Each structure stands twice: as C-alpha cells, then as structure tokens.
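# Observations on chain architecture
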Amino acid sequence: MRYILPLLILIVSCSAPKRAQWHYKRALANGLQLVQGSDTIRITTIDSIPVIKNDTIVWEKVITYKDTVVQFRTVTLPKTRWQTRIEMRERIKIEKIKGDTIVKQAKAEQRVTYITRWWPFWLGLAIPFVLRLAWSAILSKLNR
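Per chain, residue numbering runs from 1 following the sequence as it is written. Local features in this predicted model are restricted to residues whose pLDDT is 70 or higher, and side-chain atom pairs enter the listing and the counts only when it is 80 or higher, whereas totals over whole chains, interfaces and linings include all residues. The basis for every side-chain value is the complete set of heavy atoms in the structure, and neither hydrogens nor water enter the calculation.

### Description of the overall build of the chain
- Only runs of H or I of at least four residues qualify as helices and only runs of E of at least two qualify as strands under DSSP, and these elements are numbered from the N terminus. Scanning the chain from N- to C-terminus turns up four helices and two strands.
- Written out in order from the N terminus, the α and β elements of the chain read α-α-β-β-α-α.
- Counting across all 144 residues of the chain, residues that qualify as buried make up 1%.
- We call two residues in contact when some of their heavy atoms are within 4.5 Å. Sequence separation of 24 or more characterises 53% of the internal contacts of the chain that already satisfy a separation of 6 or more.
- Per-residue accessibility takes into account occlusion by the displayed protein chains alone, with areas from the Shrake-Rupley method and a 1.4 Å probe. Carbon and sulfur atoms provide 61% of the accessible area of the chain, an area that totals close to 15100 Å². Each residue gets one of three labels from its accessible area relative to the maximum for its type: buried under 20%, exposed over 50%, partly exposed in between, using a 1.4 Å probe on protein chains only.

### A closer look at the packing of aromatic side chains
- Between the rings of Phe, Tyr and Trp (Trp by its six-membered ring), a pair exists once the centres lie within 6.5 Å; its type follows the angle of the planes, with under 30 degrees stacked, over 60 edge-to-face, and the other angles tilted. Per the counting criterion, the structure on display carries two aromatic pairs.
- Ring centres of Phe121 and Trp122 lie 5.1 Å apart, and the angle between their planes is 70 degrees; on these two criteria the pair is classed as edge-to-face.
- Members of the aromatic cluster, connected to one another through ring pairs, are Trp118, Phe121 and Trp122.
- Geometrically, a lysine NZ or arginine CZ counts as sitting over a ring once it is within 6 Å of the ring centre and also within 35 degrees of the ring normal. A cation over a ring is seen here: Arg42 above Tyr65, with NZ or CZ 4.3 Å from the ring centre.

### Focus: a nonpolar patch on the surface
- Taken together, the side chains of Tyr24, Leu28, Leu34, Val75 and Leu77 make up a nonpolar region of the molecular surface, amounting to roughly 450 Å² of accessible area.
- Along the polypeptide, Val75 turns up in strand 2 (residues 56-76). Two joining distances apply to patches: 9 Å for like charges and 5 Å for nonpolar side chains (Val, Leu, Ile, Met, Phe, Trp, Tyr), and every residue must have over 30% relative accessible area and no salt bridge. A pair is scored as a salt bridge if a Lys or Arg side-chain nitrogen falls within 4 Å of a carboxyl oxygen belonging to Asp or Glu.

### Examining helix 2 (residues 16-29)
- Multiplying 1.5 Å by the residue count of a helix minus one yields the expected span of that helix. Over its 14 residues, helix 2 runs 20 Å from end to end, which matches the ideal 20 Å to within 8%, given 1.5 Å per residue.
- Looking one or two places after helix 2, you find Gly31, whose phi comes out positive at around 115 degrees.

### A look at the confidence of the model for the chain
- Residue-level confidence of the predictor is summarised by pLDDT, bounded by 0 at the bottom and 100 at the top. Within the chain, residue pLDDT values average 79, and 84% of them lie at 70 or more.
- Mean pLDDT values over the elements of the chain span from 70, in helix 1 (residues 4-12), up to 91, in helix 4 (residues 119-143).

### Here we look at unusual backbone geometry
- Positioned with a positive phi, Asn54 is a non-glycine residue whose angle comes to about 55 degrees.
- Topologically, Asn54 is positioned in the loop between strand 1 (33-53) and strand 2.
- Under the relative-accessibility criterion, Asn54 is labelled exposed at 76%.
- With a phi close to 60 degrees, Asp55 is a non-glycine residue in the positive phi region.
- Note on placement: Asp55 falls in the loop between strand 1 and strand 2.

### Some remarks on the pattern of salt bridges
- Counted by the stated rule, this structure contains two salt bridges.
- The partner of Asp67 in a salt bridge is Arg42, and the shortest N-O contact between them spans 3.8 Å. Linking Asp67 in strand 2 with Arg42 in strand 1, this pair joins segments that are 25 residues apart in sequence. Like Arg42, Asp67 is exposed.
- With a closest N to O distance of 3.5 Å, Lys53 and Glu60 form a salt bridge.
- On the basis of relative accessible area, Glu60 is assigned to the partly exposed category, the value being 33%.

Dropping the structure here:
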C-alpha cells in the first residue's frame, strides 16, 4: 500500500520533454526571439593528378572547391527588470559625465570646527573616586 502512492506519482508526473516544451512556450510568450541563420564556407584544395603524355608522366594541378553550409541559431533573450534598471543607471551616469561640469577651486583654509569639552572626561574620572571614598567612610562608621 505504501508503494502505490510513489509509483502513482512517478507514472502521472510530467516528463522531461513535456517540461522542456512548457518552458520553451513560456519563454516565447515572454519575448524570446529565435533567429536561424546559415553561412556557406568554401574550401579550396589543390590536387595533383598524374597524366601520361608522350610516354612521360606529367603532374597536372587541379583546383577543386567544396562548399559547406553551416547553420546556427541565435537566441535573443529579453532583458529582466533588474538588467534594464542597471542599464538605465549607467545611461544616466554617462549623460551626467557628458554634461557641462562646473569646476571650483577650493581655498586652503584650516579651521577648527569642534571644541573639545573636557568636563565629562574629568567628571567620569572623579565620580568613581568620590564614590569609593564615600563608601569607605560609610563602611568605617558601620564597623565602629
């Protein structure tokens, strides 16, 4: 009984060719373009053939041509939303770089823009010292 369910799922499940066909249809629906192209390659060979003329063997050159047709497929995938977003960012950056830029020269000035406040530092050092003295005074009065 426990083997029937896995066996049933195995029999009824989608096969690999059906899944591939489904994915191919979905890709075509989303903008896949399949372009078939072909190219012809011509191969030239030079052969030498022995020919008998007047009781002598003469080698004659023969040029032969062989044509080969090569077919190839070019698949153009549509760009994802993320790819188009990155492409637009790059395009905007290039346009900003190509635009007029204003160059300003900086003046060399040295300014102190902050003031160090030392009182929290000294207070942080003094409070534990004062607390320790107070604690020791309280303990010495209790011990008498």
